[in-house]
Amino acid sequence: MCGIVGGVAERSITNILIEGLKRLEYRGYDSAGLALINAGQVLRQRRVGKVVNLEQAVNEADLMGSLGIAHTRWATHGKPTEDNAHPHISGPVAVVHNGIIENYQELKDDLEALGYVFTSQTDTEVVAHLVHDALKSAPNLLKAVEQVVPQLKGAFALGIVHTDYPDELITVREGSPLVIGVGIGENFISSDQLALLPITNRFIYLEEGDIARLTRDSIEVFVNGQPVERPIKELDATVSNASKGEYKHYMLKEIYEQPEAIQQTISQALNGNTLRDDFLKNADVDFSQIQNVQIIACGTSYHAGMIAKYWFEQLINLPCQVEIASEFRYRTPVIVNHTLYVCISQSGETADTLAALRDTQKRAAEKNIHIATLTICNVATSSMVRETHHSLLTLAGPEIGVASTKAFTTQLAALMLLVLKIGQVKQSIAADEISSIIADLWHIPKVMLDTLQKDKEILRLSDLFKEKQHCLFLGRGTEFPIALEGALKLKEISYIHAEGYAAGELKHGPLALVDNDMPVVILAPQDDMLDKLKSNMEEVQARGGELFVFADETSGIKEKDRQHVVLVPNVNALLAPIVYSIPVQLLSYHVAVLRGTDVDQPRNLAKSVTVE
Ligand code: F6R
């Protein structure tokens, strides 16, 4: 998704803006641009494609300036062209924008009637012209922006500069993330603090509806024209500075980081083989009252939720529903008293999940229904974490690869901790069962390390996929969501069409697809469903399908003609989905590399989907 970086300083900030944009590249974008205010002029460069193209143009033009805004654009309104790239200019005003201005067409019609000429197809350009126009009557830039914002419908974050205000950067947060990076004698903005980590670890997290004026030495925040205080938060110096290190891609690095990420995530909650007394305690939610769980999430995070449903119902007898947020938010679901709403999100900023959460909270308050909310999230400072009663952090460190890997497996670990915690409070699970599951959880990082040793075998199998057009993933029970996840990983980074199915559904349709050319990936841990799964494998083989089986070392499944087997270390069936994520991630990764796709930034996708 789009990224914003901006700053006001004494020194030239050209390089800071370019470096900031590079740190946002992982989010996905198709063009980039920058504008600096210098000697009463707006100096702008924009380029289609990667930030290095912009960097080259900026260097050739020798652009310098101590006030500026920059942007990576992920096209929503209008194609990825130079004219559509941000910043957009209207006379002395330059604007960068994340999000969507829904009523831009009517605003554009009004502005054209006033004589403003549009040079792009974007929704953003209206903001530049509106601010320009507002300055005809407003006493200063801040007031002009305050006049414009109420006219805009939608979700947006803005960075605005003006040639007559050479020491002033105005920023707006209204439904799209924006942080202020606090420096010494210089201040910055970004849509993601990661962009600013090389220059500061002190941040102000703006709230929805905030408008801020930054100068070199001051930061003022306003709501409805009135000054408000926003605390400065200092980030832990251990927040990883995300680099690829020895790995060829972030995705591979992140796959290999999983044992440690799981260890970190469970350590915060455990004391030996028991849950810590203070784990999820200091909040105003009484888990003993919870009668239902409703999980809301998108994409990979939704698959984590699907697995948790099995755990909630099987282990602690608590009814659990799971739904993708983009459907949930638009279908007026019944809100039931004493329901725990769980948002699962790597970023904590996904537009659909956030909207579903907000809408549920609003409707529950209107109807006086008692609900609790909890976010499982990888970003401590995200909107979802701030807006739910509880949060349970996945301590995976920044995930840069667009395809989610370590965030997913740490979500699973966190969900298991949550299930155990609620079960303990509700006394619906025996203490020794909790201890036994925790003992197995502690063992998972080691099993994952052993599974990562299978990388070379998986690489060899990947070679057989590289020319394929289609692929099926099959699993049963908690491996069904892993089949969905495997298919999602493969399609998003290798562009091979892939489908995940519950193996029991084969006969109800997908078996018709199976022929000599159809690879079928099977997830076969040692569990109650293994024998049934073996029958499904027979069904595929009988139709000429080629099997690629990730099987428990005790499963008895052996290599044979058109049946390739990678043995996975034995693991408690309950926790098997955490471990079986690894082979499907590695398979997708290697197939994508062999096909030469852009693994970390697959086409058309963005890391954090902050617009609908
Ligand atoms: C797939 C992937 C996406 C995200 C989805 C939700 O690999 O990464 O499907 O899982 O966009 O994002 P978050 O978890 O940030 O809400």
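Residues numbered from 1 in each chain as written. Predicted model: local features only at pLDDT ≥ 70, side-chain atom pairs only at ≥ 80, totals over all residues. Heavy atoms only, no water.

Participant: Lay out the sheet that holds strand E19 (residues 320-324) with the relevant residues and their values.
Facilitator: As summarised here, the arrangement of the 5 strands in space is E19-E18-E20-E21-E22, forming an open sheet in which the pairing is parallel. Every interior strand has two partners, whereas the edge strands, E19 and strand E22 (390-393), have only one. Sheet twist, expressed as the mean angle between neighbouring strand axes with direction ignored, is 20 degrees. Direction of pairing for strand E18 (residues 292-297) relative to E19: parallel, over a ladder of 5 bridges. Its bridge partner lying in E19, Ile296 is registered against Glu323. Lying on the sheet, helix H10 (residues 351-367) is in contact with E18, strand E20 (339-345) and strand E21 (371-377); it crosses E21 at an angle near 165 degrees. (Pairing = 2+ DSSP bridges. Helix = DSSP H or I, 4+ residues; strand = E, 2+ residues; numbered from the N terminus. Axes fitted to C-alpha atoms, helices over the stretch in contact; angles between N-to-C directions. Contact = heavy atoms within 4.5 Å.)

Participant: Please set out the site of the ligand residue by residue, giving values where relevant.
Facilitator: Among the 14 residues in the neighbourhood of the ligand, the closest are listed as Ser301, Ser345, Gln346, Thr350 and Glu492. Ser404 places a main-chain nitrogen or oxygen 2.9 Å from an oxygen atom of the ligand. Protein chains bury 90% of the 400 Å² of accessible surface belonging to the ligand in isolation. Elements supplying a minimum of two residues to the shell around the ligand: helix H8 (299-316) and helix H15 (479-494). When its residues are assigned to classes, the shell around the ligand shows 4 nonpolar, 8 polar and 2 charged. Here the shell around the ligand gathers at least three residues from each of two domains, domain 2 (272-433) and domain 3 (453-595). (Near = heavy atom within 4 Å. Polar contact = N/O pair within 3.5 Å; in protein donor to acceptor, adjacent residues only side chain to side chain. Areas by Shrake-Rupley, 256 points an atom, 1.4 Å probe, with all protein chains shown as cover. Nonpolar A, V, L, I, M, F, W, Y, C, P; charged D, E, K, R; others polar. Domains from an automatic or database assignment.)

Participant: Give me helix H4 (residues 125-134): which residues, what numbers.
Facilitator: By the criterion of burial, H4 is predominantly enclosed, with 8 of the 10 residues buried. Of all the positions in H4, only Glu125, Val126, Val127, Ala128, His129, Leu130, Val131 and Ala134 are classed as buried. Its buried side turned inward, H4 meets strand E5 (88-90), strand E6 (93-101), helix H3 (104-113), helix H5 (141-148) and strand E7 (154-162). (Buried < 20%, exposed > 50% of the residue type's maximum accessible area, 1.4 Å probe, protein only.)

Participant: How would you sum up the packing of aromatic side chains? Please name residues and give values.
Facilitator: Following the criterion strictly, the structure yields 4 aromatic pairs and no others. Measuring from ring centre to ring centre gives 6.2 Å for Phe203 and Tyr205, while their planes differ by 35 degrees; the resulting arrangement is tilted. Neither Phe203 nor Tyr205 differs from the other in exposure class; each is buried. The lysine or arginine in question, Arg603, covers the ring of Tyr495, its NZ or CZ lying 3.8 Å from the ring centre. (Phe/Tyr/Trp six-rings, centres within 6.5 Å; stacked < 30°, edge-to-face > 60°. Lys NZ or Arg CZ within 6 Å of the ring centre and 35° of its normal.)

Participant: Describe a negative patch on the surface, listing the residues and the values that go with them.
Facilitator: A contiguous patch of negative charge, built from Glu106, Asp109, Asp110 and Glu112, is present on the exposed surface. Following the sequence through the fold, Glu106 ends up in helix H3. Since its relative accessible area comes to 48%, Glu106 is described here as partly exposed. (Patch = residues over 30% accessible without salt bridge, like charges linked within 9 Å, V, L, I, M, F, W, Y side chains within 5 Å. Salt bridge = Lys/Arg side-chain N within 4 Å of Asp/Glu carboxyl O. Lys, Arg positive; Asp, Glu negative; His and termini not counted. Charge placed at Lys NZ, Arg CZ, Asp CG, Glu CD.)

Participant: Describe in detail the UniProt feature "domain: SIS" (unreviewed entry) in the protein, supporting the description with residues and values.
Facilitator: Here, UniProt's "domain: SIS" (unreviewed entry) annotation points to residues 283-428 and 461-602. Within the segment residues 461-602, helix and strand shares are 36% and 22% respectively, and the terminal C-alpha atoms sit 22 Å apart. (UniProt positions renumbered as here; feature names shortened; annotations may be inferred.)

Participant: Which residues make up the UniProt feature "domain: Glutamine amidotransferase type-2" (unreviewed entry) in the protein, and what are the values?
Facilitator: Under the feature "domain: Glutamine amidotransferase type-2" (unreviewed entry), the UniProt entry names residues 2-217. Secondary structure across residues 2-217 divides into 23% helix and 34% strand, with the first and last C-alpha atoms of the span separated by 28 Å.

Participant: Give a description of the pairing of strand E1 (residues 3-8) that names residues and reports values.
Facilitator: Of all the 6 residues making up E1, 6 are buried; the element is thus mostly covered by neighbouring parts of the structure. Side-chain alternation along E1 places Gly3, Val5 and Gly7 on one buried face and Ile4, Gly6 and Val8 on a second face that is also buried. Bridge analysis of E1 against strand E4 (residues 67-73) gives 6 bridges, and the strand direction is antiparallel. Looking at the pairing, Val8 lines up with Leu67 of E4. Note: E1 against strand E10 (residues 187-190), 4 bridges, orientation antiparallel.

Participant: Explain the pattern of salt bridges to me, and be specific about the residues and the numbers.
Facilitator: Evaluated as defined, the whole model comprises 29 salt bridges. We note a salt bridge from Arg202 to Glu234, for which the minimum N-O separation is 3.9 Å. A residue pair is termed long-range when its members are at least 10 positions apart, and Arg202 in strand E11 (residues 202-205) and Glu234 in strand E15 (residues 233-234) qualify at 32 residues. Judged by relative accessible area, which is 60%, Glu234 ranks as exposed. The salt bridge partner of Arg230 is Asp210, with a shortest N-O separation of 2.7 Å. Residue Arg230 is located in the loop between strand E14 (226-228) and E15, and its partner Asp210 is located in strand E12 (residues 210-214); the two are separated by 20 residues in the primary sequence. Summarising the burial analysis for this pair, Arg230 and Asp210 share the class buried.

Participant: How would you sum up the nonpolar core? Please name residues and give values.
Facilitator: Generally speaking, a soluble globular protein has its nonpolar side chains buried in company with each other. Phe312, Leu418, Phe473 and Phe550 are the most contacted members of the largest nonpolar core, which totals 89 residues. There are two domains that each give this core at least three residues, and those are domain 2 (272-433) and domain 3 (453-595). Grouped together as the second largest cluster of nonpolar side chains are 31 residues, Ile101, Val148, Ile160 and Ile170 included. (Core = buried A, V, L, I, M, F, W, Y, C linked by side-chain atoms within 4.5 Å.)

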